[in-house]
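Descriptive structure summary
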Amino acid sequence: GVPPPRRETTLSAAMPGDKGRDGSPARDKWQRAISKVAASTPIAEETAAGERFARIVYERTFVDRVNNERAFLAAFGQRSLHNQLSSKSLKVDSGRDLKTELEDAGTADGGAPSSTPDVDPNGVSPPDDKAERVARFVKVQKSLKGDGFAVCSAYSRNFEYDPNLTFKVSQFARTLFYECIPPGLNWFVCVGTEMLFFEHTFKEATCSASARGFVLPIFIFMPIKPLFKRLCQFFGTMEGQPGFFFFFFYFVGFWCFFPICAVALSAEVREYIEPLELVPMLVLQCGRMLCLSCKYALLPESYVDDRFGKMYRQMKVTDFGRTLVAGGWNKAKDEEHFDMLKMELENACIQADVDLSNTEINVGSAEAAAVIRFRSRGIGERSRASADKAPEVVSGKELLAALTDVHMGAPMPPYMEPGIMLFAVLFSLTSPIMRAWCGRPMFGATHLSKAASAFLMMYSWFIFANNMTFSASGAWHYKRQYNAMLALNNMVHFPGEPLINFLPDVPLGPKGKVSPDQEPAELRQLRQKVAQNPDLALIVDLKDPASCLCWSLVRRSLRRIGSSWGRRMNAYSIIFLTMSFASAGMLLMLYYGADQFDHRLATSGSFYVLSICISFLVCTTVIEAAAINEMVPKLRSWLKRETVAIAAQMAYLDVPKVRTDVDRKEEEQLHSAHRLIESVEQYILVEEEQSEPVEVFFKVNATPAAVTFVVSSLLSMLLIAMQRGFTMMDSEGWSYSGPQGQFTRDPTVEP
């Protein structure tokens, strides 16, 4: 017989008129598909043509064949958020505002509640109607930069969360340059630089300057409202900008530059304020400038990109507030940006490549599931039929939303801000108190020296509080993440996570008083049940395959909530560690270089307070970050104990006896649970300990070793400086008895 034709000959001989499924010629379709593989697949030239072609075709279809296998599809394909999003026809439409979204209900996410809020049977509307609509108007779309996905919100136009955030060196450098310029002049420098070097129009450049907080002294025209309004529009001022914002930074800038100029130009001022006394303030000023530079370098491209960035367009002051640490991330559930947590949640799911919408987890009771549903506010909501069929089950997205709302959205403790202000006052008063200690006037004797001392004290208070807020925010960010992970861990331990921790806050009435009548009747009944039975808890049985898988996927996503803010806190940790070493190093220089550098008690006292406060906050930040990583071995140890218990039960079932079908079924379930829990334990080891642990100081794992290094290094430098100072004063004749408290040596004392 005639041998069959070669495979490549048959495919190559396709007629030009043959059509593929998409209507394109079959020959062209094959050539396009194979050329992509051939371009990325190096094959030796001596390979036979038929073998070469067959290998290329095999590699071209390998991924598709694997993805279509049932096991792979069940375990990975359906859980991959990128796969789900790629199958949808997403488009860039973040320019749509809230009004347009409200008119077009068809753009809402699947499974979200309707745009018409539910009404309580008693006629009471839920107090969080607007918060529940977040589930509808925060969505995933194609990124503005053209590749990948991003999260947008109808409550903030043209602003999106980018899962693939990069450090923008250009924004870091130009922000650092602008922040070095005095207020008022920085507006002209910013506008000129953006126009000359980055090819922006005058309107774009003025909007950029306004978004950075740079304003012209147009506040002098505030009494003339029509003229003031026109000037704000012309100079691109943010909409809704409060009146004090126009002159606040001028006053603060004056506080900074007046004492510097006075000390540099007036000998009578230097009699009371030595130049070295300005160094602590300048160290803090450098820290603030570096923190702001890192902020703009780590903002999404939708905000800072030179082509389509939001800061180069007219925007609202509420959009500016979204980028702040103190007013934004530390108050994530504030009224002005209450959709922030939902955006963070969607962004974390994209980063984790996890689709939690169709996952399910049994939380132990119908009451626990109902509380989770209330706390999630419609995010990831299951259908009513599914909820009625399995009332103790919630979706993974509902659980993630509840954890995020309870822990990651928690505001800073009420004592932290007053504490920061108290230490700021103590730091600002250190120099005046040290002058008085030496018998000199606290604020100088002449009018100019009094003014310089007063402005130095006020700016020291402002800049210290500003820096301490940045540093304390880092510690609080890691503390919130620790609390969220701890709650998730407690769910797989007996007795579980107390349900009372997830109950929504009681709403406030019209006069700010607690008003339980403003909430749905079902939620009031849940509160009564929890009050009557405080032992109610969220508890997850990891031997249930669906719950175990969902729990591990929620854990993966939860670790990425607030990841963009975490990168900023990581950068802040480097800055404040450098400031700590610089402050402690200055103390060593003052004492070991006392023969070459004259200094006064006010200078050394300021450096001591600054070094101790910054070192304390740096150590606190590292300790909080390390606590997250330290949880992982404890959890893995518990999972190991669980597998031992399951293995013991399986060994008991293997004892020779008459085995029933029930015993065989139980043994099969235990074998499956044993393998699953072991896999979860190994997965946690690889991802959370080896691959992606929490990091500080750029790429340093937050471990007890890092804590020991930071604490011991800073403490050693401070103790060495103190020991050197006491030694010099005790046995070498040095003292702060010189003019104005200067550190001098008694010539009559032999060294």
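Structure's up top.
Residues numbered from 1 in each chain as written. Predicted model: local features only at pLDDT ≥ 70, side-chain atom pairs only at ≥ 80, totals over all residues. Heavy atoms only, no water.

1. Comments concerning the pairing of strand E1 (residues 138-142)
We apply this condition: Exposure categories follow from relative accessible area, calculated using a 1.4 Å probe and restricted to protein chains: below 20% of the type maximum is buried, above 50% is exposed, and the middle band is partly exposed. In this text, helices come from DSSP runs of H or I with a minimum length of four residues, and strands from runs of E with a minimum of two, each type numbered from the N-terminal end. For two strands to be treated as a pair, DSSP must find no fewer than two bridges joining them.
Among the 5 residues in E1, 4 count as buried, and that is most of the element. As paired elements, E1 and strand E2 (residues 149-153) share 5 bridges and run antiparallel to each other. Paired with Lys142 across the bridge in E2 is Phe149.

2. Here's the deal with unusual backbone geometry
Each neighbour pair has its own omega, and for Phe494 with Pro495 the value is 10°, a cis peptide bond. With respect to the helices and strands, the residue Pro495 is situated in the loop between helix H23 (447-490) and strand E6 (497-498). Phi is positive for Asn158, which is not a glycine, with a value near 55°. With respect to the helices, strands and loops of the structure, Asn158 is situated in strand E3 (residues 156-161). The class of Asn158 is partly exposed, set by a relative accessible area of 32%. The backbone phi angle of Glu199 is positive, close to 60°, even though this residue is not glycine. As for its placement among the helices and strands, Glu199 is situated in the loop between helix H10 (185-197) and helix H11 (202-211). Residue classification places Glu199 among the exposed residues on the basis of a relative accessible area of 72%.

3. Examining the nonpolar core
For the record, the criterion: For this analysis, a nonpolar core means a set of buried residues of the types Ala, Val, Leu, Ile, Met, Phe, Trp, Tyr and Cys, connected via side-chain atoms within 4.5 Å. Between two residues, a contact is recorded if the distance between any of their heavy atoms is within 4.5 Å.
Ranked by size, the top nonpolar core spans 162 residues in total, and within it Tyr303, Leu403, Phe502, Leu542, Trp551 and Tyr572 carry the most contacts. Looking at this core element by element, the count peaks at 22 residues for helix H27 (residues 601-653). Residues contacting Trp551, with those up to four places away along its chain left out, are Ile361, Leu488, Asn489, Val492, Leu542, Leu635, Val680 and Ile684. Core analysis: the second largest hydrophobic core is formed by 13 residues, Trp187, Ala209, Phe214 and Leu216 among them.

4. What to know about the environment of Phe249
With respect to the helices and strands, Phe249 occurs in helix H13 (residues 245-265). Put simply, Phe249 and Gly213 are 36 residues apart on the chain and 8.2 Å apart in space, counted from C-alpha to C-alpha. Excluding its chain neighbours within four sequence positions, the residues that come into contact with Phe249 are Pro183, Gly213 and Arg288.

5. A closer look at helix H24 (residues 521-532)
Residues spaced three or four apart along an α-helix face the same direction, because each turn holds 3.6 residues. Selection rule: Between the first and last residue of a helix there are one fewer steps than residues, each counted as 1.5 Å, and that sum is the expected span.
Across its 12 residues, H24 extends 17 Å between first and last C-alpha, which sits within 8% of the 16 Å expected from 1.5 Å per residue. Of all the residues in H24, the buried ones are Ala521, Leu523, Arg524, Leu526, Arg527 and Val530. Where H24 is buried, its residues contact helix H19 (366-376).

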